[in-house]
Structure formats: structure tokens, C-alpha cells
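The lines below spell out each chain.
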Amino acid sequence: MAFSRDFKYQSHDPVGCKRGSHGLFGVRGENAAPFPAMFRHRYVLVFLLLAVDIYIFGVSDAVNVTASDSATKPQQDPIYPSPSSSVVNSPVFKPAVDSAFSISLLSSFPDDLEISEYCSELLRLFGQRYVTYVDCLVPSARPVKVCENCSPGYQSLHEVFMNISSDQVGPGNVSCRNTILSSDRLMLVFLLYSNVDLIWKKSNCENCVTGDLKGPKNDTLYYLTLLNQTITCFDKYKQGNLSELCKNCKTAYKNLNDLYSGMEANNTLCIDLEDAMNMTRKLWSKKFHCSFPREETVPVVAVSAFLLFLPIVFYLSSFLHSEQKKRKLIHPQRAKSYSSLMNIQDKKS
């Protein structure tokens, strides 16, 4: 809104001021500021105050809206970059798909440091046969049948290890002995084979199987035959009277026990036969409560009885010998002469 400078001041103003009276701001006289200028400044001030009020109202609404939004939403923790993010973004390492903790190299080593294809194939074959042998050992732990079930697996593993550890070169004049067995401090392949080879040696399986590890020896077959006969006899009579079992199976058990004692003396037993005999003896003595006198105990009993009666015989013989000495006692001659002398004196008196 604009006001014209030619606007004339009238004798009657809207607020009841007359000419010559005090002006709007107490200015007296004819020379007071004309009313239209004061009125114009007044409207300008009103517009300024209105604009300030609108601005303040808008700012306060924006602050309230922001505060309400922050009150309705839960406060979130600040996000910090994880250490693994640097690994993920690294140009050298990348995480494996299956695990968040495993890493692998993007690049490979030079060709002269890599393992050859021939050695890599031997290593793969060793791992495959190692797993096969271990899978055979675990089920054969109880009852023990390591030599019976796992001899072919050990033979296969032994062959591939001999190929790895030999000095003979393969295709391309490549030897895998140093590359696979002794190229690092751990020597993992050698350590794995040493463990299973120790199990084989402690089992004494070479006493029960042939040299080529393809079958049992004749003594082992004969022992297994007697063992099967004894177990069959146990199964036949175990449901009835146990005294009948002890009577009817005595011969089979005695033959098996005698054979085992002979093989034990000759050091031709393996862990399979030892465990089978221990289980058979437990069945015979603890479960069926059977027993029979052993022939080797007779000399022991005889010697023990002789040693027991030896002191009695010694003291008895000593007593009889002393009585005979008393009966054969001879008086000395001096005693006789003294008695005769006394008799002579008596006669004279």
C-alpha cells in the first residue's frame, strides 16, 4: 500500500486530533510531521512484525516435528567400519564363501615353487586312501578286528606313501619326497602316516596276515576255526543248564585255550586274536561260571605240598634220632671204678 505525497491533511482526522493540538507522537504546532507519513511507517512496522511472527512460527514447527520424529524412532548406535571390511576390500585377500573367518590368496606363487601335477596326484591319492583306512579303523575298534578288516586299506596306503617317500623320479624327472614330506616344519603327510603306521605295528598284524597283506596265515585260520567251534557250542547250550554247557563245551574250549597258549609262547599273536580270546575267557568263567583243572597246576601243587610238609619231616626225624642217642648212651669207665672201690671199702669195714 502506498500513500500519495499530495494527500492533504484534513481538519478532522480519524483519531480526533485537531489542527494546533499535539500530533500523534506529541509534536506540537503547524510544523508537525504530516499524518500520512506516520501512517505509512506504522503499516510497514506491522508488516515486519507479521513476517517475523510467521518465520518464528515456522521454525518452531520444524523443531517440534524433528523432535517428535527423533522421539518415535529408537536411537541407533553409531556405525563404525569393522576390521573385516578392510579385508574384504583388500586387493590381496578375499573371504571364502563358507566361512567368514577364512581367507584365501587371489594370486598364486611362481611356477617354480608350485607342486607338480605328478606330486599333486600322489598327494590326492594319499588323502583318499588315508580316509578309507581311518574309516575302517573306527568301526573295527570294538570288537577289535583291525587286522582282519583293515589290512587291504593299510596296504594301499603304504604303497602310495612308498611312492611319495622313494628317491625314484616320476614323469618329468620329478621327485616328490622333498616337496611333500620335508618342505615345511610340520611335515603333515609324514606325521599322518606315522600315526597310522604306529597303530598297525602295535596291533602286531604282521603275525596274523601274510607278507603281501592279502590274507590270514594258516595258524590264524586254524585259530579262527577253533574259535568258531567254541562260540557255536556256547550258543547251543547257553539257554539251558549251564552245567551242560561246561560239560559239552569243555573239549572245544580246552583245544582253543591250548592253541592260544602255544601261539603266545611263539609270539605269533595279533590284537584280533588276543581280544577274541579275552572275550571267550570272560564268557567261560564269568558268564557261564565254568572251570577245569589246568595241567600245568599239578606240578605247582606237588611242589607246594612238599615244601609244606618238609619242616614237619625235619623235626620228626630230629626227634627220633635224639631218642636213639639216649638209648645207646654208654657210661664212662671212671664211674665204674669208683663204684667198685666203694664196694671194696664196704666189705673191708
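Definitions and limits used
Residues numbered from 1 in each chain as written. Predicted model: local features only at pLDDT ≥ 70, side-chain atom pairs only at ≥ 80, totals over all residues. Heavy atoms only, no water. Disulfide = S-S within 2.5 Å. Helix = DSSP H or I, 4+ residues; strand = E, 2+ residues; numbered from the N terminus. Buried < 20%, exposed > 50% of the residue type's maximum accessible area, 1.4 Å probe, protein only. Phe/Tyr/Trp six-rings, centres within 6.5 Å; stacked < 30°, edge-to-face > 60°. 1 Å grid on protein atoms, 1.4 Å probe; cavity = no way out; pocket = protein on both sides within 12 Å on 5 of 7 lines; lining within 4 Å. Points joined across faces, edges and corners; volume = space filled by probe spheres on them. Nonpolar A, V, L, I, M, F, W, Y, C, P; charged D, E, K, R; others polar. Polar contact = N/O pair within 3.5 Å; in protein donor to acceptor, adjacent residues only side chain to side chain. Core = buried A, V, L, I, M, F, W, Y, C linked by side-chain atoms within 4.5 Å. Contact = heavy atoms within 4.5 Å.

1. Looking at the state of the cysteines
Move 1: Counted under the stated rule, the structure contains six disulfides.
Move 2: Here C208 pairs with C270 through a disulfide, and the sulfurs are 1.9 Å apart. The sign of the S-S torsion, about -105°, decides the handedness of the disulfide formed by C208 and C270: left-handed. Of this pair, C208 sits in the loop between α6 (188-203) and α7 (218-237) while C270 sits in the loop between α9 (250-265) and α10 (271-287), and the two are 62 residues apart along the sequence. This pair shows no difference in class: C208 is buried, exactly as C270 is.
Move 3: The disulfide bridge from C246 ends at C290, spanning 1.7 Å between sulfur atoms. Its S-S torsion of approximately -75° makes the covalent link between C246 and C290 left-handed. A residue pair is termed long-range when its members are at least 10 positions apart, and C246 in helix α8 (residues 242-248) and C290 in the loop between α10 and α11 (297-327) qualify at 44 residues.
Move 4: Classification of C246 by relative accessible area gives buried; the value is 17%.
Move 5: Here C290 falls in the buried class, since its relative accessible area comes to 6%.

2. Some remarks on the packing of aromatic side chains
Move 1: Per the stated rule, a full pass over the model turns up nine aromatic pairs.
Move 2: Where F126 meets F161, the ring centres are 6.4 Å apart and the plane angle is 45°; that geometry is what we call tilted. Of the two residues, F126 is situated in helix α3 (residues 117-137) and F161 in helix α4 (residues 146-165); the sequence distance between them amounts to 35 residues.
Move 3: Relative accessible area serves as the criterion here: at 6%, F161 is assigned to the buried category.

3. Structural notes on the layout of surface pockets
In this approach a probe as big as a water molecule rolls over the atoms, and the regions it shows empty are the leftover space.
Move 1: Its boundaries defined by the atoms lining it, the largest pocket holds a volume of some 440 Å³.
Move 2: Along the wall of the largest pocket there are 25 residues; nearest its centre are V144, K145, E148, L224 and D272.
Move 3: Tallying contributions element by element places α10 first for the lining of the largest pocket, with seven residues.
Move 4: Its residues assigned to classes, the lining of the largest pocket shows 16 nonpolar, four polar and five charged.

4. Structural notes on the side chain of D197
Move 1: By the element assignment, D197 lies in helix α6.
Move 2: Residue D197 is classed as buried on the basis of its relative accessible area, which comes to 12%.
Move 3: Here Y154 takes part through its side chain, which lies 2.4 Å from a polar atom of the side chain of D197.

5. Comments concerning the nonpolar core
Move 1: Core analysis: the biggest nonpolar cluster contains 47 residues, and F126, Y133, L157 and Y223 have the highest contact counts within it.
Move 2: Counting residues per element, this core draws most heavily on α4, at eight residues.
Move 3: Ignoring anything within four residues of it in the chain, the contact list for Y133 reads C150, G153, Y154, L157, V196 and W200.

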